[in-house]
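# Commentary on secondary and tertiary structure
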Amino acid sequence: MSPQLPPVAPAVTAELVAALSPRLRKRLDSGIAKLADRPVVRDGAVVRIAVDDDTDLELHAPDGAVRGADAVRCGCLLAPDCLHRAAAASLAPVAEDTDSAAPQDPSAAEEDAAQAPETATPEQRAAVRAVQLATSAVLEAGTDGAGAVLQAELLRAAHTARLAGLHRAAATAVSVVTALRAARAADPAYHLTDLAAGLYDVLSVAHRLPSASGGELTALRGTARQPYRPDGSLRLYGLFSEPVLTASGYAGAVTWTADAEGRLYQVSDVAPGGAGRAVGAADRTVRIGDTALTHRELARAGLAVSGATVSPTGRLGAGAGVRAVRAPGAGWHEEPVARLWAEPVPGQIARALAGGRDLLFLDVTLTGTAAEAAGDCLLADCSGVPLRLTAAHDDPALPHRDNLRLLSAARGTRLRVVARLTPAPHPRAQLLAAEHPTRADTPLDIGLDRLQGADLPTTAAAPSGSVPVLVSASASASASASDEAPIHLLRRRVHQTVSGGRPVLALPGDTRADARHLRRSGLATAAELLTDLHSAAADRAHDVFGRLRPTDPDRFARAWLAAAHYTSELDRTLCLAAWTP
């Protein structure tokens, strides 16, 4: 996926792919691969792709995104019914809905909620069924088989869902397409667990929504816009900044702040762009009031805001009536900021797993590194709990990996850190910010500030080349116990389905040994789910002439959803238990 191309609205991609003849649809994936290697030039709001020496393809994005099919223009002889237009739309990032970030009047939001029907409408049931069918087709094909045509069908279903007011299903379906493209392009930022989580959420919403009512239905529908509500005057203290770099082509920075009661607020600057924008956004002026503070400066200072408006997630609005001036900040060991680290860790974990904020405020002692498939992670002791701290981004333009590598040399150093929980059977989190190893009064933004060897304690030796792996005995025991946990027998099949589709599970083989292992471990339900998943994958009946009947994607999707739900809930329980000393 080229970061140089402007995002394209889901409905545009779906329309262009649907207009292709059956013959051209079969050639779409190869056409995308060819187009990805062609030169791209940006001229204001127009992006040109040189299809060949004599033909250009243009994408017109006056507001930063392509919103109509007529904005994708090709100069070849077969246009407008050519393959090039659909290939370009399928190659570009997926644009967010134009109303997804628009402020909403509070009274209007309350009125919309009051007027919403208590049960799903026929239109919504039809829309969510379309999403379910398109997602089931993706699941059955797996990442290797879910090419541009299946992606376009899911984008079409997502657009229909959005028009029907099913914003959660629409947004998650779009995120699934983005993850599929990243997987097929071997993007380093792709994570199988993220795609599995997206597929699980879409299918779960589709399964529950037709029979839901009241508050459950409202949550399953989701909202198109974040309703910003007045919050009066706020006195905020900067905590840290983190870069934002998404697979959908958006980049920037978010600065986190806290008030005197420990409530968290964010100031964000995210727009279409790549890693360069993520790096540079920290030195941009924050978009709130008349303050001249940059994101990097706000992370070390404070802010006094009047006429504040705040979204349910704590994002500060930047309306015309908002006023903000610089104010003194507070160190991480000073009140009122220090109270964030005073909350017991199990309480922080429980809140994050229950759907609350996923930021963790921890006091840790660095103990070394451990090699993992995705790269080395930093080991730390957190009040007797062996913790693995990982990089939030793998893009080489961002210093996450380099900073973790340097910190691994500061073994024995005690630091106060901010991390984002990664639900897993062992304690695991993404490192976002930390105290400077030698200057405790200077917070370090792991994704923006670049450590040097001279910043390490004098007793630490800066690593050169590869870092020797040092895993404490407790960490080894924890990792070993996690690796041997029998639930991995079911989780592995859930993830194999996402990558390889139904064919992987339909291969001949005896699964009874795994089922027996699960039963002996007291996981009888997991054993039944595993057996049912394999049975659904292999269920291919024959007609009277001996020909294979079409597969039943509904049954297979239901079996996968049940297995994914079980492993997700069990993982949450194991995660909470793992963080308890």
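Right above here is the structure, for reference.
Fair warning: this is a prediction, and the values are worked out from it, not measured in the lab. (Residues numbered from 1 in each chain as written. Predicted model: local features only at pLDDT ≥ 70, side-chain atom pairs only at ≥ 80, totals over all residues. Heavy atoms only, no water.)

Each helix and strand in the protein was counted, giving 21 helices and 15 strands. Expressed as a percentage of the 581 residues in the protein, the buried residues total 50%. Taking all contacts inside the protein whose residues are at least 6 apart in sequence as the whole, residues at least 24 apart take part in 65%. Of the accessible surface of the protein, which amounts to about 25600 Å², a share of 53% is contributed by carbon and sulfur atoms. (Helix = DSSP H or I, 4+ residues; strand = E, 2+ residues; numbered from the N terminus. Buried < 20%, exposed > 50% of the residue type's maximum accessible area, 1.4 Å probe, protein only. Contact = heavy atoms within 4.5 Å. Areas by Shrake-Rupley, 256 points an atom, 1.4 Å probe, with all protein chains shown as cover.)

This brings us to the packing of helix H9 (residues 192-208) against helix H21 (residues 553-578). At a closest axis distance of 10 Å, the pairing of H9 and H21 adopts a crossing angle of 115 degrees. With respect to their mutual orientation, H9 and H21 come out roughly perpendicular. Taken as a pair, H9 and H21 cross one another with a handedness that is left-handed. When H9 is examined against H21, the residues Ala196, Leu199, Tyr200, Leu203, Ser204 and His207 are found in contact with a partner set consisting of Ala557, Trp560, Leu561, Ala564 and His565. Considered class by class, the residues forming the contact of H9 with H21 number 8 nonpolar, 3 polar and no charged. (Axes fitted to C-alpha atoms, helices over the stretch in contact; angles between N-to-C directions. Parallel < 35°, antiparallel > 145°, perpendicular 65-115°, else oblique. Left-handed = near helix turned anticlockwise from the far one by under 90°. Nonpolar A, V, L, I, M, F, W, Y, C, P; charged D, E, K, R; others polar.)

The next subject is the sheet that holds strand S5 (residues 229-245). Strand order in the open sheet made by the 5 strands is S7-S6-S5-S8-S9, with antiparallel pairing throughout. Strands at the two margins of the open sheet, each flanked by one partner only, are strand S7 (264-272) and strand S9 (323-327). The mean angle between the axes of side-by-side strands here comes to 35 degrees, regardless of whether they run parallel or antiparallel. Both S5 and strand S6 (residues 250-258) contribute to a ladder of 8 bridges, which runs antiparallel. From the neighbouring strand, Glu242 faces S6, where its bridge partner is Val254. (Pairing = 2+ DSSP bridges.)

This part is about the sheet that holds strand S4 (residues 72-74). Strand order across the open sheet formed by 4 strands is S1-S2-S3-S4, with antiparallel pairing between neighbours. The open sheet is flanked by strand S1 (40-43) and S4, the only strands paired with a single partner. Mean inter-strand twist for the sheet, computed between neighbouring axes without regard to direction, equals 20 degrees. As defined by bridge partners, strand S3 (residues 56-60) adjoins S4 across 3 bridges and the pair is classed as antiparallel.

This paragraph deals with helix H20 (residues 524-538). Between the first and last C-alpha of H20 there are 21 Å, a value that for 15 residues agrees with the 21 Å anticipated at 1.5 Å per step. Of the surrounding elements, those touching the buried residues of H20 are helix H17 (488-500), helix H18 (502-506), helix H19 (512-520) and H21. (Expected span 1.5 Å × (residues − 1).)

Moving on: a negative patch on the surface. A contiguous patch of negative charge, built from Asp52, Asp53, Asp54 and Asp56, is present on the exposed surface. Locating Asp56 in the fold gives a position in strand S3. (Patch = residues over 30% accessible without salt bridge, like charges linked within 9 Å, V, L, I, M, F, W, Y side chains within 5 Å. Salt bridge = Lys/Arg side-chain N within 4 Å of Asp/Glu carboxyl O. Lys, Arg positive; Asp, Glu negative; His and termini not counted. Charge placed at Lys NZ, Arg CZ, Asp CG, Glu CD.)

Quick look at helix H10 (residues 214-221) now. Along H10, the positions that sit buried rather than exposed are Leu217, Leu220 and Arg221. All buried residues of H10 fall inside an arc of 100 degrees around its axis, so they share one side. Buried residues belonging to H10 abut helix H6 (122-145), helix H8 (167-184) and H9. One or two steps after H10, the chain reaches Gly222, where phi turns positive at roughly 80 degrees. (Arc of directions from axis to C-beta.)

For the rest of this paragraph, the subject is the pairing of S7. When you tally the buried positions in S7, you get 7 out of 9 residues, the bulk of the element. Linking S6 to S7, which pair antiparallel, is a turn of 5 residues; within it Gly262 sits at a positive phi near 90 degrees.

With that settled, the discussion passes to the environment of Ala564. By the secondary structure assignment, Ala564 is in helix H21. Residue classification places Ala564 among the buried positions, given a relative accessible area of 7%. With 365 residues separating them along the chain, Ala564 and Leu199 place their C-alpha atoms 9.6 Å apart. The contacts of Ala564, once residues within four sequence positions are left out, are Tyr200 and Val494.

Here we take up the packing of aromatic side chains. Within this structure, the stated rule accounts for 3 aromatic pairs. Summarising the aromatic geometry, the rings of Phe240 and Trp256 are spaced 6.3 Å apart at their centres and angled 10 degrees between planes, so their arrangement reads as stacked. Pair noted here: Phe240 is in strand S5 and Trp256 is in strand S6, with a separation of 16 residues, a long-range link. Across the pair, Trp256 and Phe240 agree in class, each one buried. Pairing Trp332 with Trp341 gives two aromatic rings, centres 5.0 Å apart and planes at 35 degrees, and the pair type is tilted. Each member of the pair, Trp332 as well as Trp341, carries the same accessibility label: buried. The ring of Tyr237 carries the charged tip of Arg235 above its face, separated from the ring centre by 4.3 Å. One Lys or Arg, Arg502, reaches over the ring of Phe556 and ends 4.9 Å from the middle of that ring. (Phe/Tyr/Trp six-rings, centres within 6.5 Å; stacked < 30°, edge-to-face > 60°. Lys NZ or Arg CZ within 6 Å of the ring centre and 35° of its normal.)

Scanning all chains against the criterion turns up 0 disulfides. The thiol of Cys74 is unpaired, and the distance to the nearest cysteine sulfur, on Cys76, comes to 3.6 Å. (Disulfide = S-S within 2.5 Å.)

Now for the nonpolar core. Membership of the largest hydrophobic core comes to 60 residues, with the highest contact counts inside it found for Leu166, Leu199, Leu209, Leu490 and Trp560. Discounting chain neighbours no more than four positions away, the residues touching Leu166 are Gln124, Ala127, Val128, Ala161, Leu209 and Arg221. Counting residues in hydrophobic clusters, the runner-up holds 33 residues, among them Val8, Leu35, Leu59 and Ala87. (Core = buried A, V, L, I, M, F, W, Y, C linked by side-chain atoms within 4.5 Å.)

All told, the structure shown has 3 cavities of 30 Å³ or more when counted by the stated rule. In this structure, the largest cavity spans a volume of roughly 60 Å³. Along the walls of the largest cavity sit Gln132, Ser136, Leu203, His207, Asp554, Ala557, Arg558 and Leu561, which together make up its complete lining. (1 Å grid on protein atoms, 1.4 Å probe; cavity = no way out; pocket = protein on both sides within 12 Å on 5 of 7 lines; lining within 4 Å. Points joined across faces, edges and corners; volume = space filled by probe spheres on them.)

Attention now goes to unusual backbone geometry. Note that the residue after Ala79, namely Pro80, is joined by a cis bond; omega there is 5 degrees. Locating Pro80 in the fold gives a position in the loop between S4 and helix H4 (83-91). The omega angle of the peptide bond from Glu335 to Pro336 is 5 degrees, so this bond is cis rather than trans. On the secondary structure map, Pro336 appears in the loop between S9 and helix H13 (339-342). With phi around 55 degrees, Ala186 is a residue other than glycine that occupies positive phi space. By the secondary structure assignment, Ala186 is in the loop between H8 and H9. The phi dihedral of Ser383 falls on the positive side, at around 55 degrees, and the residue is not glycine. For Ser383, a relative accessible area of 55% corresponds to the exposed category.

The description of two packed helices rests on the angle between their axes and on the distance between the axes. Where H6 contacts helix H7 (residues 148-163), the two axes come as close as 9 Å, and the packing angle between them is 160 degrees. As far as their axial angle goes, H7 and H6 are roughly antiparallel. In this structure, H6 crosses over H7, and the sense of that crossing is left-handed. Along its contact with H6, which presents Glu123, Ala127, Ala130, Val131, Ala134, Thr135, Ala137, Val138, Ala141 and Gly145, the element H7 presents Leu150, Glu153, Leu154, Ala157, Ala158, Thr160, Ala161 and Leu163.

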